[in-house]
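Report on the structure
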Amino acid sequence: MNALVRSVSPTAGRASARAPKPVSRWLSRTDRSPIPRLAEFFAANVPTCYISHTELWSGRARDFAHWAPGLKRVIEKELRATFRDRAKRIAVVERAGELVGMAVIVDLGRYALLEDIVIKRDRRGRGVGRTLVRWLFARLRAAGKASVFLESGGRNVAAHRFFKRQGFRRVSISMCRRLAA
């Protein structure tokens, strides 16, 4: 699977090397060894436009424009709790053994929440997110889920376009008013 696959281009008439397709999978709930790698991946690949009210509540962000100091440690702590929580699952997408995406799903009974989805910065726009989301949809549908919800930072315009292309529609608006000066 990790070897390069040769294919023939009909227009060029010669062989060309192609990287293997991304592969999605659930992480085992019992193997917690990926936690540091996942936390590092998360912290390295989330821009500040990702920040929504959940990032403020959880301690991930100082405000809507700045991540909290020690974001990686905050995410490691969250991931340890996620591995213990029976309602949550972590999915990863890898390409040739490299982590290129991750998602956290919360089981809400009839519904599911896409709590986090992070794609490696240099792999965005290359089908990795689409591969992961479609894989998740198939598993959630098979598990009898009626709908998948998500929340996205208000400034995360590229993600909003992506989610719309994947069939998500706006169903609510989250608002905030700062009380402190």
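Each remark here, short or long, concerns the structure printed above.
Nothing here was measured: the structure is a model prediction, and the numbers come from that model. (Residues numbered from 1 in each chain as written. Predicted model: local features only at pLDDT ≥ 70, side-chain atom pairs only at ≥ 80, totals over all residues. Heavy atoms only, no water.)

1. Focus: the pattern of salt bridges
Heads up, the condition is: When a carboxyl oxygen of Asp or Glu lies within 4 Å of a side-chain nitrogen of Lys or Arg, that pair is called a salt bridge. Secondary structure counts use DSSP, requiring at least four H or I residues in a row for a helix and at least two E residues in a row for a strand, with both numbered from the N terminus. For every residue, the accessible area (1.4 Å probe, protein chains only) is compared with the maximum for its type, and the residue is labelled buried under 20%, exposed over 50%, or partly exposed between those bounds.
All told, the structure shown has twelve salt bridges when counted by the stated rule. When the shortest N-O distance is used, the salt bridge between Lys72 and Glu76 registers 3.4 Å. In this pair, Lys72 and Glu76 both sit in helix 3 (residues 71–84), four residues apart, roughly one turn of the helix. The class of Lys72 is partly exposed, set by a relative accessible area of 30%. The exposure class of Glu76 is buried, given its relative accessible area of 16%. For Glu98, the salt bridge goes to Arg123, with nearest N and O atoms at 2.8 Å. Taken as a pair, Glu98 in strand 7 (residues 98–108) and Arg123 in the loop between strand 8 (111–119) and helix 4 (128–142) lie far apart in primary sequence, 25 residues in all. You can call Arg123 buried: its relative accessible area is 15%.

2. Here's the deal with helix 1 (residues 35–45)
Where we set the bar: Here the arc refers to the directions that run from the helix axis out to each C-beta atom. Should any heavy atoms of two residues lie within 4.5 Å, those residues are considered in contact.
Along helix 1, the residues that are buried comprise Ile35, Leu38, Ala39, Phe41, Phe42 and Asn45. Buried residues of helix 1, viewed axially, fall in a sector of 160 degrees; they line one side. Buried residues along helix 1 sit in contact with helix 3, strand 6 (88–95), strand 7 and strand 8.

3. Considerations on the nonpolar core
Cut-off, in case you're wondering: Definition used in this section: a nonpolar core is a set of buried Ala, Val, Leu, Ile, Met, Phe, Trp, Tyr and Cys residues joined via side-chain atoms within 4.5 Å.
If you look at the biggest cluster of nonpolar residues, it comprises 21 residues, and the most contacted ones within it are Leu38, Leu79, Ile90 and Met102. Take this core: its biggest share by element is five residues, from helix 1. By size, the runner-up hydrophobic cluster in this structure holds 19 residues, among which are Ala91, Val93, Val100 and Leu132.

4. Side note on the packing of aromatic side chains
Stated formally: Stacked, tilted and edge-to-face pairs are distinguished by plane angle, under 30 degrees for stacked and over 60 for edge-to-face with tilted covering the rest, among Phe, Tyr and Trp rings (Trp via its six-membered ring) whose centres lie within 6.5 Å.
As enumerated under the stated definition, the model contains seven aromatic pairs in all. A ring pair is formed by Phe42 and Tyr50, whose centres lie 5.8 Å apart and whose planes are at 85 degrees; its orientation type is edge-to-face. Among the residues examined, Tyr50 registers a relative accessible area of 12% and is labelled buried. Aromatic ring contacts, followed pair by pair, group Phe137, Phe162, Phe163 and Phe168 into a single cluster.

Just distances and angles here, no functional claims.
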